[in-house]
Amino acid sequence: MPNDLQIPHLNATNYNTWSGLMTACLQSKGIWCIVSGAKTQPLLSGILTAGELAALKLYHENRNKACGMIYLHLDNDQKIHVEAVKDDLIQMWDALKAVHQQKCPGNRFNAYDDLFSIRKEEGETLQTLINRVERAVVLIQQLRPKDFDLAKLDEELASLTLIRALPDEYNAFASSLLLLNKMDKATIHQAFVTEDIQRCRCASDMPAVATAFQTTLTPSASKQKCAFCNMSNHVMDKCHKFINVQKEAKEHVKNACKGNRANKAQEAT
């Protein structure tokens, strides 16, 4: 049991550490061979012998023991991945591996990014630095499909460089690229060209959009209302009644001024 207690629970980020320790623990108990498929259920003859029954019983005991050990070392949010197969040891192991080691371009990109981002930490020995690099390389190797070759590696490295070179304003575009099933050079180049075209179109459409937006902010004539006569379809400075009243007021003021001047002239004489 002391070995079991040293194995951390599997969570969303520690699969590589967890799987290595769990493998070692199962090996130490002599039951990893069942998980790996190297040891299968004993073949039985038509008439079971005591030896065959004992071997069959031991096989099932070891298989159940391994299932229990794996399940007990999972975080609660990881148990959902094996609930349907928790009685099948091999399917449990394969299900967890499929979830945490998806061999897709996006995961390899992140693994490459982690590798190229490694820097010696303050106080870290060079041997520790070597070990960190080696672990990062092993993870990349585990994420490669079986038909992965040097030509595909070259293309992925070129694609990785292009994506890493994008500034923050392209984060959404970069994230969409990581969802692609293929990250070959031709696919990435086409995606870059398409994105460039779309951004140019958006830039050229901005003046028209701004004009349209300004138009929507200006009330239409049918929705305007005169503050003077309270009628719709026009504003006050275009209102005929308001204009006429203005003219009459000006004439009234003008005539009043003339009358005042005449009165003052008579008083002076």
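Report follows, based on the coordinates. (Residues numbered from 1 in each chain as written. Predicted model: local features only at pLDDT ≥ 70, side-chain atom pairs only at ≥ 80, totals over all residues. Heavy atoms only, no water.)

Here the focus is the overall build of the protein chain. From N to C terminus, the protein chain includes twelve helices and zero strands. With 269 residues in all, the protein chain has 26% of them scored as buried. Within the protein chain, contacts between residues at least 6 apart in sequence are counted, and of these 53% link residues at least 24 apart. As presented, the protein chain carries roughly 18500 Å² of accessible surface, and 57% of it is formed by carbon and sulfur atoms. (Helix = DSSP H or I, 4+ residues; strand = E, 2+ residues; numbered from the N terminus. Buried < 20%, exposed > 50% of the residue type's maximum accessible area, 1.4 Å probe, protein only. Contact = heavy atoms within 4.5 Å. Areas by Shrake-Rupley, 256 points an atom, 1.4 Å probe, with all protein chains shown as cover.)

Scanning the entire structure with this criterion turns up six aromatic pairs. Between W32 and W93, the aromatic rings sit 5.2 Å apart at their centres with planes inclined by 75 degrees, giving edge-to-face as the arrangement. Taken together, the positions of W32 in helix α3 (residues 32–36) and W93 in helix α6 (residues 89–100) put the pair 61 residues apart, joining distant regions of the chain. Each member of the pair, W32 together with W93, is buried. Taken together, a centroid distance of 6.4 Å and an interplanar angle of 65 degrees make the contact between Y170 and F173 edge-to-face. Just as Y170 is buried, F173 falls in that class too. The structure contains a cluster of three or more aromatic residues connected by ring pairs, namely Y15, W18, W32 and W93. Here the guanidinium or amino end of R199 rests over the ring plane of Y170, the centre of that ring lying 3.8 Å away. (Phe/Tyr/Trp six-rings, centres within 6.5 Å; stacked < 30°, edge-to-face > 60°. Lys NZ or Arg CZ within 6 Å of the ring centre and 35° of its normal.)

This brings us to the layout of surface pockets. As a volume, the largest pocket reaches approximately 570 Å³. Along its surface, the largest pocket is lined by 19 residues, and T13, N16, D114, R135 and L139 are the ones closest to its centre. Elements with a minimum of two residues in the lining of the largest pocket: α2 (15–28), α7 (105–116) and α8 (126–142). Examining the composition of the lining of the largest pocket, we find that six residues originate from one element, α8, more than from any other. Split by residue class, the lining of the largest pocket holds eight nonpolar, eight polar and three charged. When residues of the lining of the largest pocket are sorted by domain, at least three fall in each of domain 1 (14–101) and domain 2 (105–203). (1 Å grid on protein atoms, 1.4 Å probe; cavity = no way out; pocket = protein on both sides within 12 Å on 5 of 7 lines; lining within 4 Å. Points joined across faces, edges and corners; volume = space filled by probe spheres on them. Nonpolar A, V, L, I, M, F, W, Y, C, P; charged D, E, K, R; others polar. Domains from an automatic or database assignment.)

What follows covers the nonpolar core. Ranked by internal contacts, the top residues of the largest apolar core, which has 24 residues, are W18, M22, L26, I70, W93 and L96. Counting residues per element, this core draws most heavily on helix α4 (residues 50–72), at six residues. Not counting residues up to four positions away in its chain, the partners in contact with L96 are L10, Y15, W18, I70, L74, Q78, H81 and V82. Among the nonpolar cores identified, the runner-up in size contains 20 residues, and A111, I140, Y170 and F173 belong to it. (Core = buried A, V, L, I, M, F, W, Y, C linked by side-chain atoms within 4.5 Å.)

Now for the pattern of salt bridges. Going through the model one piece at a time under the given rule, you end up with seven salt bridges. Its salt-bridge partner being E156, residue R108 comes within 2.6 Å of it at the nearest N-O pair. Here R108, found in helix α7, pairs with E156, found in helix α9 (residues 150–164); they are 48 residues apart in sequence, far enough to count as distant. Accessibility expressed as a relative area gives 7% for E156, which makes it buried. A salt bridge links R164 to D113; the nearest nitrogen and oxygen atoms lie 2.1 Å apart. Taken together, the residues span a long stretch of sequence, with R164 in helix α9 and D113 in helix α7 at a distance of 51 residues. Where salt bridges share partners, they join E169, E195 and R199 into one cluster. (Salt bridge = Lys/Arg side-chain N within 4 Å of Asp/Glu carboxyl O.)

All we've got here are geometric facts, nothing functional implied.
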